[in-house]
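# Structural overview for review
The chain contents come next:
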Amino acid sequence: MASKYRLVMRSGPTVGKSFLLDMPEAFIGRDLNNEIVINDPEVSRRHTRLFLQDDNYVVEDLGSTNGTSVNGQRLMGPYTLRPGELVMLGENVSLLYELVQTGQNETIASTPRQPQTMQTPQQYVPPMEESFPDYMSSTPPAAPFPPAPVPAYSGQIPPSPVNETPKKKFPIWIIVVGLLLIIACLCIGFFIYVDSSDAWCDWFGWLFNMFTPGLCS
């Protein structure tokens, strides 16, 4: 009995619409010249090509803007479809590939499979932990009693005391500056006293006479 296939829209502008594939080649796109016309902004003018090979259809992306995927995997080349697989045009339009038997009212759809370019990873099963007797365990047994403290001997040298931070000494320069200020004040006061009492010759007459004889006579 001859087999026929169809595409049923699961998501897109006309959900539930069926497209019967009864020709050796069919183009899908937004342009009206395609065999299957889908008016959606995610679909290119000529988006995908379907062609019959042996007893199955092969899907091929025609360089569309948003790409063509099968079961969530983007196509990188021609891909042979199997009943039950979901063809995606961009992100908005999805088409279910189904097998229709002529002379019957039923549609046969198989469970979706992974694309040919991908392999289903095997589930990792961690290895079972082996049990060993206590004497083979690598962990040393706990000590039954805590170790006794080491006794202190009289001949032991006591630990050195912790060095305390030395106290800051009073700055010497402040004392020197203070002494200089006191001496300067005394000198100024002395000269003011001598000048006010006109006692230059009484105090420094001998010095003036050395440089200017007869100045203080």
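Residues numbered from 1 in each chain as written. Predicted model: local features only at pLDDT ≥ 70, side-chain atom pairs only at ≥ 80, totals over all residues. Heavy atoms only, no water.

## Some words on unusual backbone geometry
Glycine aside, a negative phi is what most residues show, and trans is what most peptide bonds show. Definition in use: Numbering of helices and strands runs from the N terminus; a helix is a DSSP stretch of H or I covering at least four residues, while a strand is a stretch of E covering at least two.
Positive phi, normally seen in glycine, also occurs at Asp 54, with a value near 60°. Residue position: Asp 54 is located in the loop between strand E5 (48-53) and strand E6 (56-61). Phi is positive for Asn 71, which is not a glycine, with a value near 55°.

## Some thoughts on the packing of aromatic side chains
Selection criterion: Each Phe, Tyr or Trp ring, with Trp reduced to its six-membered ring, pairs with another whose centre is within 6.5 Å; inter-plane angles below 30 degrees give stacked pairs, above 60 give edge-to-face pairs, and intermediate values give tilted ones. Throughout this description, buried means an accessible area under 20% of the type-specific maximum (1.4 Å probe, protein chains only), exposed means over 50%, and partly exposed covers the range between.
Taken as a whole and assessed by the stated rule, the structure comprises two aromatic pairs. Taken together, a centroid distance of 6.0 Å and an interplanar angle of 85° make the contact between Tyr 5 and Tyr 57 edge-to-face. Taken together, the positions of Tyr 5 in strand E1 (residues 3-11) and Tyr 57 in strand E6 put the pair 52 residues apart, joining distant regions of the chain. Each member of the pair, Tyr 5 as well as Tyr 57, is classed as buried. Ring plane angle 10° and centroid distance 5.0 Å describe the contact between Tyr 5 and Tyr 97, whose orientation is recorded as stacked. One end of the pair, Tyr 5, is in strand E1; the other, Tyr 97, is in strand E11 (residues 93-101), and 92 residues separate them in sequence. Each member of the pair Tyr 5 and Tyr 97 is classed as buried.

## Points about the nonpolar core
One broad trend across soluble globular proteins is that nonpolar side chains are buried collectively. This is how the line gets drawn: Here, the term nonpolar core denotes a set of buried Ala, Val, Leu, Ile, Met, Phe, Trp, Tyr and Cys residues that are joined through side-chain atoms within 4.5 Å. Residue contacts are counted whenever heavy atoms from the two residues lie within 4.5 Å of one another.
In terms of nonpolar packing, the biggest core is built from 22 residues, with Leu 7, Ile 38 and Leu 95 touching the most fellow members. Breaking this core down by element, the ones donating at least two residues are E1, strand E2 (18-21), E6, strand E10 (86-89) and E11. If one sorts the elements of this core by residue count, E11 sits on top with four residues. Not counting residues up to four positions away in its chain, the partners in contact with Ile 38 are Met 9, Pro 13, Ile 28, Gly 29, Arg 30, Val 43, Leu 89, Val 93 and Leu 95.

## Section: the sheet that holds E5
Worth spelling out the cut-off: Strands qualify as paired when DSSP identifies two bridges or more between them.
As summarised here, the arrangement of the five strands in space is E4-E3-E5-E6-E9, forming an open sheet in which the pairing is mixed. Each end of this open sheet is capped by a strand with a single partner; those strands are strand E4 (36-37) and strand E9 (79-80). Pairing geometry for E5 and E6, over six bridges, is antiparallel. Residue pairing in the sheet places Arg 49 in a bridge with Glu 60 of E6.

## Details of the side chain of Ser 69
Assignment of secondary structure puts Ser 69 in strand E7 (residues 68-70). Given a relative accessible area of 13%, Ser 69 falls into the buried group. Excluding anything up to four places from it in sequence, Ser 69 contacts Arg 74, Leu 75, Leu 86, Val 87 and Met 88.

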